[in-house]
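# Inside the fold
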Amino acid sequence: MTHISTPPDARSAALRPDAELIGAAVAAAGRGTVDRETVAEVVALCAVAGEHLLVVGPPGTAKSQAVRRVAGQLGGRYFEYLLGRFTEPNELFGPVDLRGLREGRVEFETAGMLPEAEIAFLDEVFLGSTAVLNTLLGLLNERVFRRGGTVLASPLRVCVGAANHLPEDPALAAFADRFLARVFVEPVADARLEELLEAGRRPAAPAPAAGADVLGALDRLTAAARGCDLDAVTPLLATALRRLRAAGVPVGDRRAVRSQRLVAAAAVLDGRDVAGARDLWVLPLIAPTADTQALARDTLGDLIEKAANESLTHAAEELSRSTAARAERLARTGAALLAEHRDLPEGRDSRLRLEAALREIDAGFAPADLPAALAGIRAELVAAVAPS
């Protein structure tokens, strides 16, 4: 029987609706926070890649809020816990099954606990005891929970660990290395305090629209990422990794290999099943510290200068500093503001936010350099703020 393959353009076209749905869900989560959109977007990136994320920043910087919001938008079973020195394994993995124990079996009841979660958030993750971290290590590595007589395949898509700072204990290095991607956050800048205060008064992000198959879209994109064509980008990726190592950014073999998963996830979230230079913006995420991430961005400047992503606009811009990514983000932000402005009741004015978006576009691009899509958004913004 003759096998008829689907043309690449058709496969990519099939990905776009799912990529747009995930992009909209992540954008809805990000609208409830200030300067935490990148955290929400990288959670989605890692969920598609099947990798884990470490978020590092001082207390009170909305790390848990950002993760909670994006988990609510993506759907699926969610588990969250604050670890401490005295956290018992049963608090994360479930209590002993007493019925089985009476029959001589040591098994665990995992319903509603971490082994059955699809998205997990573990705050102060490095404070866990040796017993907790050893069990967690196996779960993160293999997506299999083993304890006593219980062996359970875990549906875990992404585990997000949070910490106030990176651990100094070398014994924790192997555990920390299981979190391939890292995002470092700081308190919101003084210039955005008014925006922070306003956001704190807004209601939480709404739940996904009825009938929106967000989790199904995530599954399809995850499957597409596994089959993403990386052949064309492999030489560029190898060049980038060599540069990082030469610059002093520690990238071991395991992290180098697994970085391909982030590249593939970025491609499918951009609506493509063939990865390219546009997707290399993810590479600074694998650098272990804030300083080495900044070094990675500088070292890879010419390789990621045209990087961008239609679904993950903030993360692509922050990690690449590219003009293409900035244009994507400004176009998406402007379109969202215009839609919100049109939906406001008569007499409500959002001109200040529209004007701020317009000023940011004009500060970032000369008129002759405006991409067509952004030029169109700019024209709409000008019309919206013009006196009636």
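Residues numbered from 1 in each chain as written. Predicted model: local features only at pLDDT ≥ 70, side-chain atom pairs only at ≥ 80, totals over all residues. Heavy atoms only, no water.

### What to know about the overall build of the protein chain
Put simply, the rule is: Secondary structure elements are taken from DSSP: a helix is a run of H or I of four residues or more, a strand is a run of E of two residues or more, and numbering for both begins at the N terminus. Radius of gyration: C-alpha atoms only; globule rule: 2.2 Å multiplied by the number of residues to the exponent 0.38. Contact definition: two residues touch when any of their heavy atoms are within 4.5 Å. Only the protein chains shown count as cover for residues, and all accessible areas are computed by the Shrake-Rupley method using a 1.4 Å probe. Lys and Arg are tallied as positive, Asp and Glu as negative. Neither His nor the chain termini are counted. Think of each charge as sitting on NZ of Lys, CZ of Arg, CG of Asp or CD of Glu.
When helices and strands are counted, the protein chain shows 16 helices and seven strands. Against the 2.2 N^0.38 benchmark of 21 Å for 388 residues, the protein chain shows a C-alpha radius of gyration of 22 Å, consistent with a compact globule. Taking the principal axes of the C-alpha coordinates as reference, the protein chain spans close to 80 × 55 × 50 Å. Within the protein chain, residue pairs in contact and separated by at least 24 positions form 73% of the contacts whose partners lie at least 6 positions apart. Just so you have it, the protein chain exposes about 18500 Å², and 55% of that area is on carbon and sulfur atoms. Charge centroids of the protein chain, computed over 44 positive and 52 negative side chains, lie 2 Å from each other.

### Some words on the confidence of the model for the protein chain
Filter applied, for reference: What pLDDT reports is the predictor's confidence in each residue, on a scale of 0 through 100.
Per-residue pLDDT for the protein chain averages 88, and the proportion of residues at 70 or more is 90%. Note that pLDDT drops below 50 for residues 1-5; the model gives that stretch zero contacts with residues more than four away or on any other chain.

### Quick look at the packing of helix α10 (residues 234-247) against helix α12 (residues 290-299)
Rules: Note on definitions: angles span 0 to 180 degrees between N-to-C directions of axes, and those axes are lines fitted to C-alpha atoms, for helices only across the stretch in contact. Note on terminology: angles under 35 degrees are roughly parallel, angles over 145 are roughly antiparallel, angles of 65 to 115 are roughly perpendicular, and the others are oblique. Crossing handedness: left-handed means the near helix sits turned counterclockwise from the far one by under a right angle, and right-handed means the same turn made clockwise. In this count, Pro and Cys sit with the nonpolar residues alongside Ala, Val, Leu, Ile, Met, Phe, Trp and Tyr, while Asp, Glu, Lys and Arg are called charged and the others, Gly among them, polar.
Direction vectors running N to C along α10 and α12 enclose 130°, while the axes themselves pass 10 Å from each other. As the angle between them shows, α10 and α12 are arranged oblique. By crossing handedness, the relation of α10 to α12 is classed as right-handed. Here R243, L244 and A247 of α10 come into contact with α12, specifically with L295, A296 and T299. For the contact of α10 with α12, a count of residues per class yields four nonpolar, one polar and one charged.

### Describing the sheet that holds strand β6 (residues 158-163)
Here is the rule we go by: At least two bridges found by DSSP between two strands is the condition for calling them paired.
Here five strands make up an open sheet; going across it, the order is β2-β3-β6-β1-β7 and the pairing parallel. Strand pairing shows two members of the sheet lacking a second neighbour, β2 (78-82) and β7 (181-184), which therefore form its edges. Going from strand to strand, the sheet's axes swing by 15° on average, the running direction of each strand aside. Pairing of β2 with strand β3 (residues 119-123) involves five bridges; the strand directions are parallel. Paired with E80 across the bridge in β3 is F121.

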